[in-house]
Amino acid sequence: MVSIRSVLALSLAGLQLVAIAAVILPFYFTSERVLLDHARALVRDVARNTTSHAVGFLAPAEDAADLSQRLARQQVVSSENEDAMERYFFEQLRSHEQFAGIFYGNTEGDFVYVNRDDSVAGADFRVKTIENRPLRRQVELIWRDATYVQRARRSDPEDQYDPRTRPWYAAAVEANGVAWTDPYIFFSSREPGITVATPVRAPGGTLTGVVGIDIEISALSGFLAGLKVGETGGAFIVSDSGDVIAYRDPAKIKTEGEAGETLRFTRIDELDDPLAQAAAGSFRSRGQSGGQTRDQGADQDGGTLPEASETSSSFRFSGETFHAVASALPGTRWPWTVITYVPENDFLGAIKESRRNGYLLALGVAILTGLLGLLIARTITRPIGQLYRQAEDIAAGSLKPMPPLKTRYNELHRTGLAFSRMTDWLRREKDANETLTADLRAASRQLEARVEQRTAELNDANSKLREEAELRAAQAERLQKANEQAELLARELNHRVKNVFAVVAAILSLGARSATSADELAKTTRRRIDALSKAHSVTQGYGAATAVGDLGRLARLVLAPYMREEANQVTISGESARIDSEAATGLGLILHELATNAAKYGALSVPEGKVELSWQVEEAKEPKLTITWRESNGPPPSEPEADKRGFGTQMVEQIVAQYRASYRIDWLKEGLVATLTMPLPKESASHAAA
């Protein structure tokens, strides 16, 4: 929430600001746009001028190379007339100051090279000639002055230079026309330069040699040094590989190579000029996109150059905005880019100062208007404050009469009278409400007493219903458990009866194998059925099970029906291990299940079958008993399918879960192997160790 006083003051001041801004801003933005367009046009003009100058600087070399190629082809100048070729090259150097040297190398390795060289006193040029013959090689060096007078001469027998191995020679032959090398630092003059070369062919098309021209491009840096771009702008030239080709300070574009013996061009990211790096980076970050324009310039013959792309960009450096233009040299002969930049304040500084003064004037007027608004608002907010205090008293329950408002505004005076009438009416209504409230409270107390009585009656009835429901639920749960236990016992009884029949059949089969008479078979069968009865008692947890105590005795009781002394089919081995009656019942059931299955399907179903039962006790913080049942020489076992698990398997899994044991069956080709591992009480393990 805000006060009326603040709203009035700020509104008046804001209206004044809006009015002044409506006058100042259109003029500012219009003039700013015009000056920015002028700045961009100036930068583009400088870029085009620099591009035209660079093209005009380099193009004569291509014309001279082409002219030399035609003269050599017509044999006006040739390596066979070295004096004429030397004189012609000398005149070309005198006519074109940007040429550093002109040379010609033929297919036999002969070479004529005229270059600028003042290493000898009084000399301005040096001539190098190589005559390469199978039995004789001669290298001559001649220094001449500007009038072609010889100043010195010597031979250089150690020179092994071969023009046919040089990059410019190979490039011209491969291009079959004019070829330009990448810019590099000349070894002799240590100045930046570039080489143009063109092949010379006989009238029949046979290659006879290559003519080339070395051009020092340091003059481009001199041109940029004298270029004025606004007050503090600048320009530079970079190659497509990022080398700085020309810059206003020529010393900064040369740097030592990795070996420290040769010079190379400084890369833009190595240039000691953060502003130039920022200008180049503004185009790399924009992917050379946006703001592109196309323009044409004049070539060296007075015609028009191919279209050269211009890309505009803006960037921030040291808190100041700059505008830049990147202009590529036309064609593909020189893949260089001229980047020109100028600060925005060179053109908008005065108008920005004028805008600041306008803002200060608007601020002053707004402050005066705000003070006037505060005085007007004071005469309005005082009576409104009195109305607010009366409203607060009413909200707090105080309905005292309101004094008359002191104001000159008719609307506020009538509002004060309305507040007085409202206060009188509220006082009357308050008295009536208090009487009605007292009556309602008495009736409410009577209703609460009746509700409490009825609630107590309902709670008593609900308690009786809840007890009866809980009793019925407990009875239903016991009945369900009894049904489940009966079903389990029926299934186990069925499984036991089937197993008994199968085991009796196996006992008769085992006795018949070794009995010599019916009496002997009957005695053997009775003895084994009696053992089977004892084993059954053990597995049911009564009778002999309560007196077993030892795992070895339990195993012999359970497996006695299947043991024949003469056949030695069952072998039992293991250390003494004490077990309680509950564990004896579980282990007896598992051993009985394994023996029954072996008699029906496994090793005990054939005379040559063998069963080895062994166990061992592992002494540890929690002792463990490991029992191994291993069958051999019986029918090959086959693992039953997952959906055909019988009652015996389910019973074994329940026993294993009850005793926190682990149980694994391996269906090996040699016979079934079952492994049971279960924890033992510490006293049982101690007894086994003893």
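Check the entry above for the structure.
A quick note: this is a predicted structure, and the numbers were derived from the prediction, not measured. (Residues numbered from 1 in each chain as written. Predicted model: local features only at pLDDT ≥ 70, side-chain atom pairs only at ≥ 80, totals over all residues. Heavy atoms only, no water.)

1. A look at the overall build of the chain
Looking only at helices and strands, the chain has 12 helices and 22 strands in total. In the chain, which comprises 690 residues, the proportion classed as buried is 39%. When contacts within the chain are restricted to residue pairs at least 6 apart in sequence, long-range pairs at least 24 apart make up 58% of them. Only carbon and sulfur atoms are counted for the fraction: they give 53% of the accessible area of the chain, which is about 38,900 Å². (Helix = DSSP H or I, 4+ residues; strand = E, 2+ residues; numbered from the N terminus. Buried < 20%, exposed > 50% of the residue type's maximum accessible area, 1.4 Å probe, protein only. Contact = heavy atoms within 4.5 Å. Areas by Shrake-Rupley, 256 points an atom, 1.4 Å probe, with all protein chains shown as cover.)

2. Examining helix H3 (residues 167–175)
Within the sequence span of H3, burial applies to Trp-168, Tyr-169 and Ala-172. Projection of H3 onto a plane perpendicular to its axis shows the buried side chains occupying an angular sector of 105°, all on one side. Set apart from the buried face of H3 by more than 90 degrees, the exposed residues are Pro-167 and Glu-174. Of the surrounding elements, those touching the buried residues of H3 are strand E1 (99–106), strand E2 (111–116), strand E6 (179–180), strand E8 (192–201) and strand E9 (207–216). Looking one or two residues beyond H3, the residue adopting positive phi is Asn-176, at roughly 55°. (Arc of directions from axis to C-beta.)

3. Re the pairing of strand E18 (residues 570–574)
As paired strands, E18 and strand E19 (residues 610–618) are joined by five bridges and run parallel to one another. For Ile-572, the partnering residue across the bridge sits in E19 and is Leu-613. Taken together, E18, helix H10 (residues 581–600) and E19 constitute a β-α-β crossover, and its handedness is left-handed. (Pairing = 2+ DSSP bridges. Right-handed = clockwise from strand over helix to strand, strands pointing away.)

4. With respect to the environment of Pro-60
Locating Pro-60 in the fold gives a position in helix H1 (residues 4–73). The buried category is assigned to Pro-60, whose relative accessible area is 19%. With residues near it in sequence (within four places) discarded, Pro-60 still touches Val-55, His-96, Gln-98 and Phe-99.

5. Focus on a nonpolar patch on the surface
Together, Leu-363, Ile-367, Leu-368, Leu-371 and Leu-374 give the surface a local cluster of nonpolar side chains, amounting to about 470 Å² of exposed area. In this fold, Ile-367 is placed in helix H6 (residues 345–395). The class for Ile-367 is partly exposed, based on a relative accessible area of 49%. (Patch = residues over 30% accessible without salt bridge, like charges linked within 9 Å, V, L, I, M, F, W, Y side chains within 5 Å. Salt bridge = Lys/Arg side-chain N within 4 Å of Asp/Glu carboxyl O.)

6. With respect to the pattern of salt bridges
A complete count under the given rule lists 18 salt bridges for this structure. Notably, a salt bridge pairs Arg-94 with Glu-91, separated by 3.9 Å at the nearest N-O pair. A residue pair is termed a helical-turn pair when its members lie 3 or 4 positions apart in one helix, as Arg-94 and Glu-91 do in helix H2 (residues 82–95) at three residues. What makes Arg-94 partly exposed here is its relative accessible area of 46%. A relative accessible area of 29% means that Glu-91 is categorised as partly exposed. In this structure, a network of salt bridges that share partners links the residues Arg-87, Glu-91 and Arg-94.

7. Topic: unusual backbone geometry
Residues other than glycine seldom take positive phi values, yet Asn-176 does so here, at roughly 55°. Tracing the backbone through its elements, the reader meets Asn-176 in the loop between H3 and E6.

8. Concerning the nonpolar core
By size, the foremost hydrophobic cluster in this structure holds 64 residues, and its most contacted members are Leu-58, Phe-89, Ile-215, Ile-217, Phe-236 and Trp-336. The dominant element in this core, judged by the number of residues it contributes, is H1, at seven residues. The contacts of Trp-336, once residues within four sequence positions are left out, are Leu-58, Pro-183, Ile-194, Ile-217, Leu-220, Ile-237, Val-238, Ser-239, Ile-245, Ser-327, Ala-328 and Leu-329. (Core = buried A, V, L, I, M, F, W, Y, C linked by side-chain atoms within 4.5 Å.)

So far we have only geometry, and geometry alone does not tell us how the molecule works.
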